[in-house]
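Residues per chain are reported as follows:
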2 protein chains.
Amino acid sequence: MPLPLLGELELAVLRYVWANGTVDAKAIHRDLGAPREITINTVQSTVERLHRKRLLIRERVSHAYQYAPALSREEFRARAVADVAGELRGAEGARVIAAFVELAARADGENIDRIASMIELARSRREGR
Amino acid sequence: MPLPLLGELELAVLRYVWANGTVDAKAIHRDLGAPREITINTVQSTVERLHRKRLLIRERVSHAYQYAPALSREEFRARAVADVAGELRGAEGARVIAAFVELAARADGENIDRIASMIELARSRREGR
DNA sequence: GACAAACACCGGCCGTCAATCGGTTTTTTG
DNA sequence: CAAAAAACCGATTGACGGCCGGTGTTTGTC
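If you're wondering where the values come from, they're calculated on a predicted model, not measured in any experiment.

A look at the protein's contact with DNA strand D
Piece 1. Among the 22 residues in the neighbourhood of DNA strand D, the closest are listed as A:Glu8, A:Leu9, A:Thr39, A:Asn41 and B:Gln44.
Piece 2. Counting only the atoms of DNA strand D within 4 Å of the protein, the fraction contributed by sugar and phosphate is 74%.
Piece 3. With respect to DNA strand D, the side chain of A:Thr42 contributes an N or O atom lying 3.0 Å from a phosphate oxygen.
Piece 4. One nitrogen or oxygen atom from the side chain of A:Lys53 is found 3.0 Å from a phosphate oxygen belonging to DNA strand D.
Piece 5. Of all the secondary structure elements, the ones that give two or more residues to the surface near DNA strand D are α1 (8-20) and α3 (40-52) of chain A together with α3 (40-52) and β2 (64-69) of chain B.
Piece 6. Here the surface near DNA strand D gets four residues from one element, more than from any other, and that element is α3(A).

As for the relation of the copies chain A and chain B
Here two copies of a chain appear, and what relates them is a rotation about an axis with a shift along it.
Piece 1. With an RMSD of 2.7 Å, the operation that places chain A on chain B is a rotation of 179° combined with a shift of 1.1 Å along the axis. Such a combination of turn and shift is consistent with a two-fold rotation axis.
Piece 2. Comparing contact sets, 92% of the residues at the interface of chain A also lie at the interface in chain B, consistent with an isologous, same-surface contact.

Digging into the pattern of salt bridges
Piece 1. Tallying each qualifying case throughout the model produces 24 salt bridges over all chains.
Piece 2. Counted as one network, the salt bridges with shared partners bring together A:Glu10, A:Arg49 and A:Lys53.

Here is what the cut-offs are and how they apply
- Residues numbered from 1 in each chain as written.
- Chains lettered and ligands numbered in written order.
- Predicted model: local features only at pLDDT ≥ 70, side-chain atom pairs only at ≥ 80, totals over all residues.
- Heavy atoms only, no water.
- Near = heavy atom within 4 Å.
- Polar contact = N/O pair within 3.5 Å; in protein donor to acceptor, adjacent residues only side chain to side chain.
- Helix = DSSP H or I, 4+ residues; strand = E, 2+ residues; numbered from the N terminus.
- Least-squares fit on C-alpha atoms with pLDDT ≥ 70 in both.
- Contact = heavy atoms within 4.5 Å.
- Salt bridge = Lys/Arg side-chain N within 4 Å of Asp/Glu carboxyl O.

Next up, the structure:
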């Protein structure tokens, strides 16, 4: 099951939960909803959807839900990247990687050196096996 | 400008164009449209949309358009990865790239060597500036 | 135990966008 | 010039996220 597509508010809520840990709808509404002038009901719908999408877990505490992330920010990103990256093995994967390296280098020249040292690290880790 | 979201038919058309190079709407309809029992008009709308999204380039040959990919399959994938991975510059970018390299290495151990030689290439290209 | 507050839950409306097609205009060609 | 081919235009439909009002249910309080 690939990660579902997320709307703007859904993403904002996810980021908020990552930044703040376990929260309830009221807190989300206070910090995200009020500035956008949306009702708490809208926030409820959104966390409900995120829960259905298995991106938030929740637990009833007395009569209200407490929401927490189901995946860490890093796990989420890794899965998103893996979904979109597709096959990374073999010759086909090599071309994808080449294009990515090219992009990274163009985005920031220092990335070349960064990647180079990561490769060094990975190589030495491999030695140690 | 991040890559736009694509529908199912749009993706199929993109893949078709990657596989077949320069094509016209008629050929796409013959190979993709007819099996789906959709009219050629639907195919036209779709390539038109892909052109507006700058994923297909086109050229008028007599009165008909010839369509060709604006990005290679690999460039497309790399951009998709970059979009979802987030910022590629600065310190944040370093983490993102590290995660990708890690992913690539885990997918296929030989990727380490592949990336290493790409870095060599990129470095020598930089020298030449 | 009644009551008000807090909250979940349900259903509906709106906007956006892909998919789809019919109809019209423009271009090509026999 | 007439028929065919294709682009072009406009409309409809279906998903889905964002948004909210109304209704029920739980809870804490007097």
